[in-house]
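Reading the structure
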Amino acid sequence: MKPADTADTYSTCFADHRPSLNITLRSIMAVFGSYGVAALAAAAFAVGLPLPRTDAVMAAIMLSFLIYTLAVIWVFAAATLLRAAAGLVIAAAVFAAWQWLAAPGGAA
């Protein structure tokens, strides 16, 4: 029996077989997608942390730098371009839901 090829085990995208396009798209996702995730995380932390408002905002901004760094690392560490995009979308959805649920008057 022939062992499974690694290209067969991952769902691939058109850019996964073109290295320069892959790196370009990952770079765009890393810069803009990670910024979006970090902005949503900062907003969610600012609303959701049980601290005085100014302390919560300062802590949220500091934590957003960590989130941005982790998102950039994720984009380049993911096996495929689709997985990298899915990770950013899932993280953004989690932070958006947390912000919506923690906001005053949200999900009342």
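Summary of the structure given here. (Residues numbered from 1 in each chain as written. Predicted model: local features only at pLDDT ≥ 70, side-chain atom pairs only at ≥ 80, totals over all residues. Heavy atoms only, no water.)

1. Focus on helix α3 (residues 53-77)
Note on helix geometry: an α-helix contains 3.6 residues per turn, so any two residues three or four positions apart are oriented the same way. Here is the rule we go by: Only DSSP runs of H or I covering at least 4 residues are called helices, and only runs of E covering at least 2 are called strands; the numbering of each starts at the N terminus. To estimate how far a helix should extend, the number of its residues minus one is multiplied by 1.5 Å. Note on definitions: a residue-residue contact is assigned when non-hydrogen atoms from the two residues lie within 4.5 Å.
Between its terminal C-alpha atoms α3 stretches 35 Å, which fits the 36 Å expected from 25 residues at 1.5 Å a residue. The inward-facing, buried residues of α3 abut α2 (19-48) and α4 (81-102).

2. Considerations on the packing of α3 against α4
So the rule is basically this: For helices, the fitted line uses only the C-alpha atoms of the stretch in contact; every axis is such a line through C-alpha atoms, and the angle between N-to-C directions lies from 0 to 180 degrees. Between 65 and 115 degrees an angle is taken as roughly perpendicular, under 35 as roughly parallel, over 145 as roughly antiparallel, and anywhere else as oblique. The classification used treats Ala, Val, Leu, Ile, Met, Phe, Trp, Tyr, Cys and Pro as nonpolar, Asp, Glu, Lys and Arg as charged, and all other residues, Gly among them, as polar.
Two elements in contact, α3 and α4, have axes whose closest approach is 9 Å; the angle formed by their N-to-C orientations is 155°. As the angle between them shows, α3 and α4 are arranged roughly antiparallel. For the pair α3 and α4, the contacting residues are Ile-67, Ala-71, Trp-74 and Val-75 in the first and Arg-83, Ala-84, Gly-87, Leu-88 and Phe-95 in the second. Of the residues in the contact of α3 with α4, the class split is seven nonpolar, one polar and one charged.

3. Quick word on the nonpolar core
We apply this condition: We define a nonpolar core as any set of buried Ala, Val, Leu, Ile, Met, Phe, Trp, Tyr and Cys residues linked to one another through side-chain atoms lying within 4.5 Å. Any residue under 20% of the maximum accessible area for its type is buried, any over 50% is exposed, and the rest in between are partly exposed; the area is computed with a 1.4 Å probe on protein chains only.
Core analysis: the largest hydrophobic core is formed by 17 residues, its most contacted members being Met-29, Val-37, Phe-45, Ile-67, Val-75, Leu-88 and Phe-95. Secondary structure elements with two or more residues in this core: α2, α3 and α4. Top element by residues in this core is α2. It accounts for seven residues.

4. Points about the packing of aromatic side chains
This is how it is decided: Within 6.5 Å between ring centres, the rings of Phe, Tyr and Trp (the latter by its six-membered ring) count as paired, and their orientation is classed by plane angle as stacked under 30 degrees, edge-to-face over 60, tilted in between.
By the definition in use, this model includes two aromatic pairs. When the ring of Phe-45 is compared with that of Phe-95, the centres are 5.8 Å apart and the planes differ by 65°; the resulting orientation is edge-to-face. One end of the pair, Phe-45, is in helix α2; the other, Phe-95, is in helix α4, with 50 residues separating them in the sequence. Phe-95 matches Phe-45 in its accessibility class, with the two residues each being buried. Ring plane angle 85° and centroid distance 5.0 Å describe the contact between Phe-45 and Trp-98, whose orientation is recorded as edge-to-face. Placement of Phe-45 in helix α2 and of Trp-98 in helix α4 is noted, with a sequence separation of 53 residues between them. Take Phe-45: its relative accessible area is 12%, and that puts it in the buried class. Using a relative accessible area of 31% as the deciding quantity, one classes Trp-98 as partly exposed. Through pairs of rings, three or more aromatic residues link up here, namely Phe-45, Phe-95 and Trp-98.

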